[in-house]
Every structure is written in C-alpha cells, then in structure tokens.
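# Understanding the architecture of this molecule
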Amino acid sequence: MRFSLLVAATLCTAASLAIATPSLAQSRGGGVGQSAQQASGGAIGRMSSDDQLRRREGDEYRASVEAQQMTPEEAEERYGAERVALAERVQALMDAGQCAEARRVASEAGERAMALRVRQTCRRR
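Calculation rules
- Residues numbered from 1 in each chain as written.
- Predicted model: local features only at pLDDT ≥ 70, side-chain atom pairs only at ≥ 80, totals over all residues.
- Heavy atoms only, no water.
- Helix = DSSP H or I, 4+ residues; strand = E, 2+ residues; numbered from the N terminus.
- Buried < 20%, exposed > 50% of the residue type's maximum accessible area, 1.4 Å probe, protein only.
- Contact = heavy atoms within 4.5 Å.
- Disulfide = S-S within 2.5 Å.
- Core = buried A, V, L, I, M, F, W, Y, C linked by side-chain atoms within 4.5 Å.
- Axes fitted to C-alpha atoms, helices over the stretch in contact; angles between N-to-C directions.
- Parallel < 35°, antiparallel > 145°, perpendicular 65-115°, else oblique.
- Left-handed = near helix turned anticlockwise from the far one by under 90°.
- Nonpolar A, V, L, I, M, F, W, Y, C, P; charged D, E, K, R; others polar.
- Salt bridge = Lys/Arg side-chain N within 4 Å of Asp/Glu carboxyl O.

## As for the overall build of the protein chain
If you tally the helices and strands in the protein chain, you get seven helices and zero strands. Secondary structure of the protein chain in N-to-C order comes out as α-α-α-α-α-α-α. Taken across its 125 residues, the protein chain has 14% of its residues classed as buried. Taking as baseline every contact in the protein chain between residues at least 6 positions apart, the subset at least 24 positions apart corresponds to 30%.

Structural data, given as structure tokens:
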C-alpha cells in the first residue's frame, strides 16, 4: 500500500512539473533571444560586473594616454604641483627597482590609486 502511494505521488509530482515548466517560462518572458537576466525579470540595460570592469579599464587606459601626452605645466595645472612631484618621486623609485618603497611613499601620501598602479606595473627583480 505504501509503495503504491509513493509511486502515485511521484507520478503526480512529475506530471505537475511537466505542465508547470512551459507555463513558467512563458510567464517570465523566457522567449528566444533573451538573456538569462531578462528572462528572470532582471533590469534590461544594466551592466554586469565584467562590463563595468572593462569600461573602467578602458577609462583608465584613456586617462593614462592623456596623461602621457601632457606637458609638465599642464599636469601641474590639472593635478597640482605636489601630486606631480610625488608622481615623479614614485617613478624614480620604480626606475631604480625599489618597488616596495615606491608603493609605501604613494600610500603614505594618501594616493591609493598611485600605489595600486605601482603594484601593477612594478615587479620585484
């Protein structure tokens, strides 16, 4: 008796899942050509974390290209003389192979972005 009830309950569950799955897909908008985010009701046009990272890296690259094309006077005007002097000091330490010291100097000056950049570009020799 218990076995037949178990079999009947299993069949009923399987049948209701088979019926419910297509109707759930339609009600959620799971049409062809939609992303998983759109099908699950997520916001359309919202950037994923990978897209945000690529965009940020692109922005940083463009900013670095602009910074390389600046004259020292333009850089001082845009960033301030103190920050430019700090950047020159950090660059000199990096050129001398003193990566840890360059990072420490940038960090102590409160320039987190500069310290991260030193870490990314300056490798221990």
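## As for the state of the cysteines
As enumerated under the stated definition, the model contains one disulfide in all. Covalent S-S linkage joins C99 and C122, the inter-sulfur distance amounting to 1.8 Å. Disulfide C99 to C122: torsion about the S-S bond roughly -65 degrees, handedness left-handed. Linking C99 in helix α6 (residues 99-108) with C122 in the segment after α7 (112-121), this pair joins segments that are 23 residues apart in sequence. Note on accessibility: C99 and C122 belong to one class, buried.

## Regarding the nonpolar core
Listed in full, the twelve residues of the largest apolar core are L86, V90, L93, M94, C99, A102, V105, A106, M114, A115, V118 and C122. Counting residues per element, the ones that place at least two in this core are α5 (81-95), α6 and α7. Once you skip the residues sitting within four places of it in the chain, C99 turns out to touch V118, C122 and R123.

## Looking at the packing of α5 against α7
One way to put it is that α5 packs onto α7 with a least axis distance of 12 Å and a crossing angle of 20 degrees. Our classification of the angle between α5 and α7 gives roughly parallel. Seen along the crossing, α5 lies across α7 with a hand that is right-handed. Contacts from R83, L86, A87, V90 and M94 of α5 reach α7 at M114, V118 and T121. Across the contact of α5 with α7, the residue classes tally to six nonpolar, one polar and one charged.

## Let's talk about the pattern of salt bridges
According to the stated counting rule, one finds five salt bridges in the structure shown. Between R54 and D51 there is a salt bridge, and its shortest N-O distance comes to 2.5 Å. A residue pair is termed a helical-turn pair when its members lie 3 or 4 positions apart in one helix, as R54 and D51 do in helix α3 (residues 49-68) at three residues. When its relative accessible area of 52% is taken as the criterion, R54 is described as exposed. If you follow the salt bridges from partner to partner, you end up with E101, R104 and E108 in one network.

## Digging into the packing of α6 against α7
α7 packs onto α6 with a crossing angle of 165 degrees between their chain directions and a minimal axis gap of 7 Å. When the axis of α6 is compared with that of α7, the two are roughly antiparallel. In this structure, the crossing between α6 and α7 has a hand that is left-handed. Across the interface between the two elements, C99, A102, R103, A106 and S107 of α6 pack against M114, A115, V118 and R119 of α7. Here the residues of the contact of α6 with α7 are counted per class, giving six nonpolar, one polar and two charged.

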